[in-house]
Every structure is written in C-alpha cells, then in structure tokens.
Amino acid sequence: MTPDRAAARSPDTLGRALPSVRVAPPGPASRRLAQRLRGVESRNVTYLGDRWPVFWEEARGANVRDVDGNVFLDLTGAFGVALLGHRHPGVVAAVAEQSDLLIHGMGDVHPPALKVSYLERLAERLPWTESRTVLANSGSEAVEIALKTGQLVTGRPGILAFEGSYHGLTLGALAATDRELFRGPFRERLYPGVAFAPFPDPLRDGAEAADRSLVEVERILAEGTEDGTPVGTVVVEPVQGRAGARVAPSGFMARLSRMAKEAGALVVADEVFTGVGRCGEFLASTRVGLDPDLVCLGKALGGGFPLSACCGPAPLMDRWPESRGEAQHTSTFLGHPASCAAGLGVLEVMEMESTTARVRILGGRLVRELRGRLAGLPGVAEVRGLGLLLGVELVEGDGMEPAAGRAVQVAQAALELGVLVLPAGRHGHVVELSPPVDLTDQQIECGVDTLEQAIRGASS
Ligand SMILES: Cc1ncc(COP(=O)(O)O)c(C=O)c1O
C-alpha cells in the first residue's frame, strides 16, 4: 500500500459509526469518476444518474466510505454479501495468509490443497451425511450447475420456476429468471422448456395464496411446460430475494417439496441470497420447510470474495461421470485458493461468533422496529422477511397496486441521508434490506429513522 492510501484510511471507529455526509452525494469526486467510467465501461452496466452512484473507497463492518469522504451506513450488505460485515478481520487474515503462499491453482487439474479442506468444512454444514460439491465463482454459475445436474439425474429437461424469481443472468439461469427487462432482448436464445408458477402472494391472495400456486405447480408437474417438455427440475428461492424479500406462507415449501418428489423432479434450492446464515440458519430451507435435493450458494459464502457452490447428496451428484481427464463442468478459477481461504474464514467466524443465532435476534428486532415505525404510514403495505433479508413493500394509495419506482426514490433519498438501501421487486416498489449482522443500537435507530424519513418524503 502506498503511504497516501494508508493515510487515507479511516479511524478504527469505521464499522460501528453513524453516517457522516460531508458533501451531498454524489460528491465531486464521485461525479468525476462517473464521467471517466462513462468513457470506458459498457453503458449498460453501471447506472449513472444525477443522484446516483457514489464510488466506494473503503468499507468495514456496517460502514462504507466513499471517495468524497462521506461515511454511509450500509443496510444492503453489498447485495447481501457482507453478512459478517465488510472486511471482517477473520476473513482478511485468512486471505492475507493464503495470498502469501498461493493465489491461483489449477482447480480441476492440480488443485490447491486448500480446496480439499474447504470442501470438507463446507460439507459439515450441509444436510446430507455424504455430500458432493462443485465450486464456482458466481451465483449464476452455481445455478447453471444445478440445472445441468437436474438434467443428468432425471433425463427430463423441463424446468419449473416461479414468477418473480431471480436466478442470475447467464443464459441457462436467465431462462429460469422471471423479469422481462432481463429476458426480453434474449428471448430467442433462452431455453424454452421453462414454466413459471405463481409465487404465493398472501398480501393480495390472503389464505388462498399457497393453494393458488400449488394448483399450478401440480398441473405443470403433470403436464409439462407449455410446449409439453416434461419437468425434471423445480428451482425455487426459499425466500424470493430480488423480488422483494417475499416469504411464502408456512407449509408451502414442504408441500412443494413433496409434490416435486412425488413427480420425480429434483428440488433445487437457490440459496445464493438466502443461504450462509442470511435468514438465520446456514440454509434458509431449514427455516421454511423446503427439502432440497440440491442447494446453490453464493454471495456471503466467500465473505466478499467470488465463491459459489452447487451442493447435493453423493448419490445424486455422482450421476456426474467420473472425470477421465476433462471435467464436464469446470472453470479456470474453480477452487480459487484465496476464495477458499475466505470461505474457510467465513465458516470459522460464523461458528465463533454464533452468527445464525445473532441473525435471528437482530432480524426479529429490525422487523419489530420497522413495523412499529412504518406500518400505518400511507403507501406502506407490509414489512416482511426472514432473518436479515427484509423488505418494505410500497403501494399506491389505499389499494394493493405496487407503487412503481417508489423504492428507487426511497433509496435515493436514503443515500442523501447517508444510508444505503436498494430497490427490489418487479416494479421497483420494495425497499430491500440485507444488512450485516453487527449493527450497533445507534445504527439500528439511525437506519429505522432514515427509512421512515425517506419513505415519508417519497410518498408525499
Ligand atoms: C437467488 C439468487 N440466485 C442467483 C443470483 C445470481 O448470482 P450472481 O449475481 O452472483 O451471478 C442471485 C443474485 O442476486 C440471487 O439473488
């Protein structure tokens, strides 16, 4: 590190600090970077608006400092990744130690020794007595591997996914992702044998919500997808994340699992967002009664390093043939030693710091405080979630019409007040919160105050 960069570091309080907005974000340094970025990055990637984004320079715990010296309270956990907090010392130390020895290996040829230790430790956290895993680098890739496994095991190419689902943007995963914005331009490239069943919406369908969805699930499992393709894989998020922290009614996931199994289809739990403690257990499936055949992990798995995994019980995963020299699914960075070190660090920290129990406590407290402050505000339909994956759904007037774009306004207003949140939901109408687990009392109070202020401002 250059002396300049060392000097630029914040004091030790960064991580547990309250927001400090010195210049209205985005400040001049962020604006200059936006201008430069415009000149070099594909224009589709980073949204560059008048009020968005800020460029990050440093982060620790629940704080992010931008290039203008503004300190933010991060209630996004950077897409849910920083469950343990940004730059957790346990993860940093593990990566630093590994980087001094080996930062790249030959994942599926001459593998880094650490890949073995990591897979062994990960297996201890999985629900099967003997499990097998394929490591990868992104959540989308973990989903691709699960979809390939579904095909290998069942021989039935059809996929049942759910309305509102987000499984990633690579072509295979995109075929099971339900968002017109992402699918539209590539529709003709997408695998067509996918059917979408409604994800239960108790807010609008009340007690009928689960049945409405399961009737459709049963029909698709029996009849196949629209073009008659028989369904071999059911892919579901235990809690729909990017759709706005949508939680299905109790009993739904267990019934879904039974139906799929009776029909001979594999249940893939896409736990890229919900897994690794985010929802208060290592797997959210455990909390919602889903009985998965395969599990996809990502995001928090690498504590900030790119690491994902598709895991399943040995008898299913062993339908992949033994490698005779060429793996049928692999990638250059598979089992990357620094990512495996980070992943090991995450698992150790979670054990030492009782992370899942703390997620349940903090999640319960946040929901209560948010409900106490926001329920009853005009335009707030519901505060919901599981563990630390929470959503505030915003609607128009007194009805249940999604307030399109309102969560985007809330996120912009909150940014100006020093708090990072993201919009979610098909219509940008849900404020999504996936904060780190180590918020202080003052940070919780400040986060709730700011959200109330931003939501009141956006609805007026
Ligand atoms: C449930 C779920 N699956 C898959 C993905 C894709 O992960 P990635 O962006 O790492 O490819 C995401 C990302 O948000 C996700 O929320």
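See above for the structure.
Structural notes, computed from the coordinates.

1. Section: the site of the ligand
No. 1: All residues in the neighbourhood of the ligand are listed as Ser138, Gly139, Ser140, Tyr166, His167, Gly168, Glu237, Arg242, Asp270, Val272, Phe273 and Lys299.
No. 2: Here an oxygen atom of the ligand sits 2.5 Å away from a polar atom, N or O, in the side chain of serine 140.
No. 3: Contact distances for the ligand include 3.0 Å between an oxygen atom and a side-chain N or O atom of lysine 299.
No. 4: For the ligand, the accessible surface in isolation is 390 Å², of which the surrounding protein chains cover 83%.
No. 5: Looking at the shell around the ligand residue by residue, the classes come out as three nonpolar, five polar and four charged.

2. Some details on helix α2 (residues 28-38)
No. 1: When we look at burial in α2, the residues that qualify are Ala29, Ser30, Ala34 and Leu37. One face of α2 carries all of its buried residues, which in axial projection span an arc of 140 degrees. Exposed positions of α2 whose direction lies more than 90 degrees from the buried face are Arg32, Gln35, Arg36 and Arg38.

3. Some thoughts on the nonpolar core
No. 1: Core analysis: the biggest nonpolar cluster contains 123 residues, and Leu122, Phe162 and Leu256 have the highest contact counts within it.
No. 2: With nine residues, the single largest contributor to this core is helix α14 (residues 337-352).
No. 3: When residues of this core are assigned to domains, at least three map to each of domain 1 (3-88 + 355-459) and domain 2 (90-352).
No. 4: With near-sequence residues (within four places) excluded, leucine 256 lies in contact with Phe162, Leu214, Val217, Val234, Val236 and Leu290.
No. 5: Membership of the second largest hydrophobic core comes to six residues, among which are Val54, Ala59, Leu415 and Leu420.

4. With respect to helix α11 (residues 252-262)
No. 1: Among all positions of α11, only Phe252, Met253, Leu256, Ser257, Met259 and Ala260 are buried. The buried residues of α11 all sit within an arc of 165 degrees when viewed along its axis, so they share a single face.
No. 2: As for α11, its buried residues are in contact with β5 (158-162), α10 (209-223), β7 (231-236), β10 (266-270) and α12 (284-288).
No. 3: After α11 finishes, the residue glycine 264 shows a positive phi value of roughly 75 degrees.

Scoring rules and cut-offs
Residues numbered from 1 in each chain as written. Predicted model: local features only at pLDDT ≥ 70, side-chain atom pairs only at ≥ 80, totals over all residues. Heavy atoms only, no water. Near = heavy atom within 4 Å. Polar contact = N/O pair within 3.5 Å; in protein donor to acceptor, adjacent residues only side chain to side chain. Areas by Shrake-Rupley, 256 points an atom, 1.4 Å probe, with all protein chains shown as cover. Nonpolar A, V, L, I, M, F, W, Y, C, P; charged D, E, K, R; others polar. Buried < 20%, exposed > 50% of the residue type's maximum accessible area, 1.4 Å probe, protein only. Helix = DSSP H or I, 4+ residues; strand = E, 2+ residues; numbered from the N terminus. Arc of directions from axis to C-beta. Core = buried A, V, L, I, M, F, W, Y, C linked by side-chain atoms within 4.5 Å. Domains from an automatic or database assignment. Contact = heavy atoms within 4.5 Å.

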